[in-house]
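What follows is each chain in one-letter form.
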Amino acid sequence: DVVLTQTPSTLSATIGQSVSISCRSSQSLLDSAGNTYLYWYLQRPGQSPQLLIYLVSNLGSGVPNRFSGSGSGTDFTLKISGVEAEDLGVYYCMQATHAPYTFGAGTKLELK
Amino acid sequence: EVQLVESGGGLVQPGRSMKLSCAASGFTFSNYGMAWVRQAPTKGLEWVATISYDGSSTYYRDSVKGRFTISRDNAKSTLYLQMNSLRSEDTATYYCTRESGWELDFDYWGQGVMVTVSS
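Here is a short report on the structure shown in this document. (Residues numbered from 1 in each chain as written. Chains lettered and ligands numbered in written order. Predicted model: local features only at pLDDT ≥ 70, side-chain atom pairs only at ≥ 80, totals over all residues. Heavy atoms only, no water.)

Considerations on the pattern of salt bridges
Note that side chains of opposite charge can pair when their charged atoms are close. Residues and elements named next belong to chain A. This model, assessed by the stated rule, comprises 10 salt bridges over all chains. Here E86 and R66 are joined by a salt bridge, their closest N and O atoms 2.8 Å apart. Taken together, the positions of E86 in the loop between β8 (75-80) and β9 (89-95) and R66 in the loop between β6 (58-59) and β7 (67-72) put the pair 20 residues apart, joining distant regions of the chain. Taking the relative accessible area as the measure of exposure, E86 reaches 41% and is therefore partly exposed. In this structure R66 comes out as buried when scored by relative accessible area, which is 11%. (Salt bridge = Lys/Arg side-chain N within 4 Å of Asp/Glu carboxyl O. Helix = DSSP H or I, 4+ residues; strand = E, 2+ residues; numbered from the N terminus. Buried < 20%, exposed > 50% of the residue type's maximum accessible area, 1.4 Å probe, protein only.)

So, in structure tokens, the structure goes:
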């Protein structure tokens, strides 16, 4: 199975600070058709996960544009430009290029 | 408004069976692939199974293959997960999710249903 390694595991930030989360894959996530099936989800405390970013860099519906995704191959990054209180929770990357779909272990964003 | 509402969870003994349901509304259910994702207590997310929009194709993670069956009733806009030979490691919150399309992302999630496998 593809292993997704997220760093850091915990991130402390102040409101307004910009932060980045890394997701590194054990295999390239670029498929033969040129698509990269890498996503980012946020799970707020006590809530279901919600989609933030799909196909590396596309913003999900209704997601604020302070969120952005980048990367290629095996290295991917989620950036939050100006953390807001509602952004606190656990961030997961996920890949769907290789079966089975796999998730990273998560990065917990907390207030400093 | 898209809604996914899971039901059918609870406490079950090891080796027994349980069937989860997910009632969908707010979209044309028969146009979308659907999936189950689970989360063990205090753990991360784990994909369980996916079914195509018409039910003709199903996919499972190895640890549930042969024990779990994903199915759907498009006339009732309902997704199912039949879980047999349950093990303690199946204890988790199970989320029903919608696959957005060829992009394969899970764009909507239910509130989740807890399954506890214990004697």
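Regarding the pairing of strand β3 (residues 18-25) of chain B
All names here are of chain B. Of the two faces of β3, only the one carrying M18, L20, C22 and A24 is buried; K19, S21, A23 and S25 on the other face are not. Note: strand β1 (residues 3-7) against β3, 5 bridges, orientation antiparallel. Each residue of the ladder has a partner; that of E6, found in β3, is C22. Two strands pair when backbone bridges link them, and β3 and strand β8 (residues 78-83) are joined in this way by 6 bridges, in the antiparallel orientation. Counterpart to A23 in the pairing with β8 is T78. (Pairing = 2+ DSSP bridges.)

Examining the interface of chain A and chain B
On the side of chain B, 20 residues touch chain A, which itself brings 17 residues to the contact. For the pair chain A and chain B, the two sides together bury roughly 1600 Å², of which 64% comes from carbon and sulfur. Contact with chain B buries surface across chain A, with P49(A), Y101(A) and F103(A) losing the most and accounting together for 36% of the total. Our enumeration of links across chain A and chain B arrives at 7 residue pairs in polar contact (both at pLDDT 80 or more). If you list the elements that add at least two residues to the side of chain A that touches chain B, you get β4 (38-43), β5 (49-54) and β9 of chain A. Class assignment for the residues of the side of chain A that touches chain B results in 13 nonpolar, 4 polar and no charged. (Contact = heavy atoms within 4.5 Å. Buried area = accessible area lost by both parts, 1.4 Å probe. Polar contact = N/O pair within 3.5 Å; in protein donor to acceptor, adjacent residues only side chain to side chain. Nonpolar A, V, L, I, M, F, W, Y, C, P; charged D, E, K, R; others polar.)

Focus on the sheet that holds strand β1 (residues 4-7) of chain A
All names here are of chain A. The 4 strands lie next to each other as β1-β3-β8-β7, forming an open sheet whose pairing is antiparallel. Of all strands in the sheet, those with a lone pairing partner are β1 and β7, marking the two edges. The mean inter-strand angle of the sheet, taken between neighbouring strand axes irrespective of direction, is 20°. Both strand β3 (residues 19-25) and β8 contribute to a ladder of 6 bridges, which runs antiparallel. From the neighbouring strand, S22 faces β8, where its bridge partner is T77. (Axes fitted to C-alpha atoms, helices over the stretch in contact; angles between N-to-C directions.)

Thoughts on the nonpolar core
One finds L20(B), W36(B), L79(B), L81(B), M83(B) and Y94(B) to be the most contacted residues of the largest nonpolar core, which totals 28 residues. Counting only elements with at least two residues in this core, the list comes to β3, β4 (34-39), β5 (45-51), β7 (68-73), β8, β9 (92-99) and β11 (113-117) of chain B. With 4 residues, β3(B) is the single largest residue contributor to this core. If sequence neighbours within four positions are ignored, L20(B) has contacts with S7(B), G8(B), G9(B), W36(B), L79(B), Y80(B), L81(B), M83(B), Y94(B), V113(B) and V115(B). In terms of nonpolar packing, the next biggest core, distinct from the first, is built from 23 residues, C23(A), V63(A), F67(A) and I80(A) among them. (Core = buried A, V, L, I, M, F, W, Y, C linked by side-chain atoms within 4.5 Å.)

Description of the packing of aromatic side chains
All names here are of chain B. Tallied over the full model, the rule gives 9 aromatic pairs over all chains. Ring geometry for F27 and Y32: centres 5.4 Å apart, planes at 85°, overall edge-to-face. Overall, the relative accessible area of 15% leaves F27 in the buried class. The partly exposed category is assigned to Y32, whose relative accessible area is 21%. The ring of F29 has R72 sitting right over it, with the charged end atom 4.2 Å from the ring centre. (Phe/Tyr/Trp six-rings, centres within 6.5 Å; stacked < 30°, edge-to-face > 60°. Lys NZ or Arg CZ within 6 Å of the ring centre and 35° of its normal.)

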